[in-house]
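One-letter residues, chain by chain:
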Amino acid sequence: MSVVGMQPPEEETEVTEIVARWEWRSFGASFGAALDAIRASGEPQTRKSDETYIVSRHAYVNTKIRDEKLDIKELRALGAHELEQWYPVVKAGFPLPPQELERVCAAWKVEVPMLGGDELPYELFSMVLVGGSDELEAVEVSKTRHGYQLRGATVEIAELVIAGQPTLSVCVEHADPELVWSVVTELGLAEFENINYVKAIKRQLGWPL
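Being a predicted model, the structure only gives us computed values, none of them experimental.

K.L.:
I keep staring at the overall build of the protein chain and nothing clicks. Help me out?
P.N.:
A count of helices and strands for the protein chain gives five helices and eight strands. Along the protein chain, helices and strands appear, N-terminal first, in the series β-α-β-β-β-β-α-α-β-β-β-α-α. Split into buried and exposed, the 209 residues of the protein chain put 49% on the buried side. Taking all contacts inside the protein chain whose residues are at least 6 apart in sequence as the whole, residues at least 24 apart take part in 62%. Within the structure as shown, the protein chain displays about 9,800 Å² of accessible surface, and the carbon and sulfur contribution to it stands at 49%. The distance from the centre of the 20 positive side-chain charges to the centre of the 34 negative ones in the protein chain is 2 Å.

Okay, here's the thing in structure tokens:
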């Protein structure tokens, strides 16, 4: 769950341009009247993507690969109402340079593999580092995201397929945490659990959080 300065969510470019944002997100089969209220707020900006999330048994970081670009975010702050603030710590493309591989493995809390010191192409990264480890799991996620603006906050309805299982996600984010919670309560979402992608995927895998 991203909490960075971006419009729409998860489309940041350079780390130096990022303004940390607060995020509330939940997953589920239905969110009642909240979805109708969100859709009534205006025309959405819709985006589709196929992504790979990589989770580590030993680390609580959000790792996503889209279009062979790797993005790792860590949870920097937990605020009132369990709102979360995530921030990017690794952003790299493939082939992955050795120094970036070291940063990735440090974020995942796994040993750096002995691969000869060369740049690591995506295929080897996927098969050797991730596929060959019992400590890591790659999970395919298909997204159709509908982004809205409500009282200045970014509100997203996402239709997801996570490891073959369909689900919905609703997200509210803004740099002002009080505004985020105000929109959450206005939409009637406060009764739902605030849960990020890492926790949702680990639960689906049956892994400890």
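Moving on from the model shown.
K.L.:
Teacher, can you tell me more about the side chain of Ser133 here?
P.N.:
Tracing the chain through its elements places Ser133 in the loop between α3 (122-130) and β6 (136-150). From its side chain, Ser133 meets the backbone nitrogen of Glu135 in a polar contact 3.0 Å long.

K.L.:
Where do I start with the packing of aromatic side chains in this structure?
P.N.:
For any pair of aromatic rings, the description consists of the separation of the ring centres together with the inter-plane angle of the planes. Tallying each qualifying case throughout the model produces seven aromatic pairs. With 5.1 Å between their ring centres and 80° between their planes, Phe27 and Tyr197 make a pair best called edge-to-face. Highlighted residues: Phe27 in strand β1 (residues 22-28) and Tyr197 in helix α5 (residues 197-205), separated in sequence by 170 residues. Judged by relative accessible area, which is 17%, Phe27 ranks as buried. For Tyr197, a relative accessible area of 0% corresponds to the buried category. Every member of this aromatic cluster is reached through a ring pair, and the members are Phe94, Trp108, Tyr122 and Phe125. Here the guanidinium or amino end of Arg57 rests over the ring plane of Trp207, the centre of that ring lying 4.0 Å away. Sitting over the ring of Tyr197, Lys143 keeps its end group 4.5 Å from the ring centre.

K.L.:
When you look at the packing of helix α2 (residues 98-108) against α3 in this model, what are you seeing that I'm missing?
P.N.:
How two helices sit against one another is set out by the angle between their axes and by the gap between those axes. Packing of α2 against α3 brings their axes to within 14 Å, and their N-to-C directions diverge by 40°. Judged by the inter-axis angle, α2 sits oblique to α3. Classified by chirality, the crossing of α3 by α2 is right-handed. Together, Leu101, Val104, Cys105 and Trp108 of α2 and Phe125, Leu129 and Val130 of α3 make up the contact between the two elements. Here the residues of the contact of α2 with α3 are counted per class, giving seven nonpolar, no polar and no charged.

Calculation rules
Residue numbers run consecutively from 1 along every chain, following the written order of its sequence. Per-residue local features are limited, in this predicted model, to residues with pLDDT of at least 70; the limit for side-chain atom pairs, both in listing and counting, is 80 or more; totals at the level of whole chains, interfaces and linings are taken over all residues. Side-chain numbers here rest on the full set of heavy atoms in the structure, without hydrogens or water. Strands here are runs of E lasting at least two residues and helices are runs of H or I lasting at least four, both read from the DSSP assignment and numbered beginning at the N terminus. Only protein chains enter the accessibility calculation, which uses a 1.4 Å probe; a residue whose area is less than 20% of its type maximum is buried, one above 50% is exposed, and one in between is partly exposed. A contact between two residues is defined here by any heavy atoms of the two lying within 4.5 Å. Per-residue and other accessible areas were derived by the Shrake-Rupley procedure at a 1.4 Å probe size, with only the shown protein chains allowed to occlude residues. Neither His nor the chain ends contribute to the count of charged residues, in which Lys and Arg are positive and Asp and Glu negative. By convention, the charge on Lys lies at NZ, on Arg at CZ, on Asp at CG and on Glu at CD. We call two N or O atoms a polar contact when they sit within 3.5 Å, provided that within protein one can donate a hydrogen and the other can accept it, with sequence-adjacent residues counted only if both atoms are side-chain atoms. When two rings of Phe, Tyr or Trp (its six-membered ring) have centres within 6.5 Å they constitute a pair, described as stacked for plane angles under 30 degrees, edge-to-face for angles over 60, and tilted for the intermediate range. Working rule: Lys NZ or Arg CZ, within 6 Å of ring centre, within 35 degrees of ring normal, means a charge sits over the ring. Lines fitted to the C-alpha atoms define the axes, with helices restricted to the stretch that makes contact. Angles between their N-to-C directions range from 0 to 180 degrees. In what follows, roughly perpendicular refers to angles from 65 to 115 degrees, roughly parallel to angles under 35, roughly antiparallel to angles over 145, and oblique to any angle outside these ranges. Put simply, a crossing is left-handed when the front helix is turned counterclockwise from the back one by less than a right angle, and right-handed when it is turned clockwise. Each residue receives one of three labels: charged for Asp, Glu, Lys and Arg, nonpolar for Ala, Val, Leu, Ile, Met, Phe, Trp, Tyr, Cys and Pro, and polar for the others, Gly being one of them.

This is a description of form; function is not addressed.
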